[in-house]
Amino acid sequence: MLPRVADSLSFLYLDMVRVVQDDTGVCAQIQVGDDRTDIVYIPTAALSCLLLGPGVSITTPALTTLARHGTSVVCVGAGGVRAYAGILPDFLTTHWLEQQIAAWADPTRRLDVATQMYRMRFGDTELPGTITLDQLRGMEGQRMKALYKLLAQQHGIGRFRRNYHPDQWHTQDPVNLALSAANTCLYGIVHAALLALGLSPALGFVHAGTQHAFVYDIADLYKAKTTLPLAFALHQSTNPEQEARRRFREDLRLLRLLPSIVQDVQSLLTPERAQTSGADAEEEDHSERRDVQMVHLWDPKAGVLPAGINYASDGV
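First, a word on what this report is: a plain description of the structure on this page.

Further remarks concern the sheet that holds strand β7 (residues 72-76). Sheet architecture is open: 4 strands sit in the order β1-β5-β7-β8, paired in mixed fashion. Two strands lie at the open edges of the sheet, namely β1 (11-14) and β8 (83-87), each paired on one side alone. The average undirected angle you get between the axes of adjacent strands in this sheet is 20 degrees. Relative to β7, strand β5 (residues 49-52) runs parallel, the two being bridged by 4 bridges. Pairing of L51 across the sheet is with V74, part of β7.

In structure tokens, the structure reads:
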């Protein structure tokens, strides 16, 4: 039995190494000099996700071992700030994907998740009982305008207006350039976390119409504490994009943000989980285990049915 997601070592980021499989296990080889190669072994069975940064090469036997141990592999940019591709084990649990689809497909639950996202961002505990998604968007817009105004006053830059025009990129002010660059870094980290959980980045609850809709939803939870203060601090920078990416990597402390993203996403998709206890909580915890489960069949009336049984009637 492999560890639960909550008990594992979460995410491990590597760059400038060669990952191979030897007689002992999967290891990262670092060329130190012409005649010296350091070796660090990777605890694949206790690892949820391996992030492969720039300069990493990996062999097929090593990938096979990672897949057999249920470790997701995501190709990312420097510091994990971009996600380019993900390799998921074939027996990665679909528990969280099923939770996401169930909440997304139900208009009531979808609105509940969007409302919970708003509360997580702004701390409001009291909202109208009949609030709509349009009203939430309007309230979110007002809060963001107020935050822009506050940050602009703190840095003495006068009035600020958020603009994102890719066709007029070089005509934008340093704050907008830095914010766009830092947000891109944040999107990559969120994307890697969603892939590691087996979730669909395309099924968003507030955003829609793009393959990264859910990435944008979750990234919005952290912008006020990460990318926004950073962007306004670079209002006098002569190269705001480069500085934003570098300082984001230096200040973010990647291994602390990724577990927080996982915990927040799980809480959003199953908010009642925090209230379970005893045997119910133990059953919920089991759903996070990455055990190899037998495949079941689904029936619209009977629910889950065991596989490996011939259900043909005698007359067939």
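All right, on to the environment of D264 then. Turning to its location among the elements, D264 is positioned in helix α9 (residues 254-269). C-alpha of D264 to C-alpha of M120: the two residues are 144 residues apart in sequence and 9.1 Å apart in space. One polar contact links D264 to Y222, side chain to side chain, over a distance of 2.7 Å.

Since the α-helix turns once every 3.6 residues, residues separated by three or four places project in the same direction. Its 13 residues give helix α8 (residues 240-252) an end-to-end C-alpha distance of 17 Å, which sits within 8% of 18 Å, the value for a rise of 1.5 Å per residue. Restricting attention to buried positions, one finds in α8 the residues P240, E241, A244, F248 and L252. Buried positions in α8, seen along its axis, are confined to an arc of 95 degrees and lie on one side of it.

Here helix α3 (residues 107-122) spans 23 Å end to end across 16 residues, near enough to the 22 Å set by a 1.5 Å rise per residue. Within the span of α3, buried status applies to V113, A114, T115, M117 and Y118. Its side-chain oxygen placed 3.0 Å from the backbone nitrogen of T108, D106 serves as the N-cap of α3. Immediately downstream of α3, the backbone of G123 shows phi near 75 degrees, a positive value.

Calculation rules
Residues numbered from 1 in each chain as written. Predicted model: local features only at pLDDT ≥ 70, side-chain atom pairs only at ≥ 80, totals over all residues. Heavy atoms only, no water. Pairing = 2+ DSSP bridges. Helix = DSSP H or I, 4+ residues; strand = E, 2+ residues; numbered from the N terminus. Axes fitted to C-alpha atoms, helices over the stretch in contact; angles between N-to-C directions. Polar contact = N/O pair within 3.5 Å; in protein donor to acceptor, adjacent residues only side chain to side chain. Expected span 1.5 Å × (residues − 1). Buried < 20%, exposed > 50% of the residue type's maximum accessible area, 1.4 Å probe, protein only. Arc of directions from axis to C-beta.

The values reported here are purely geometric and, on their own, carry no functional implication.
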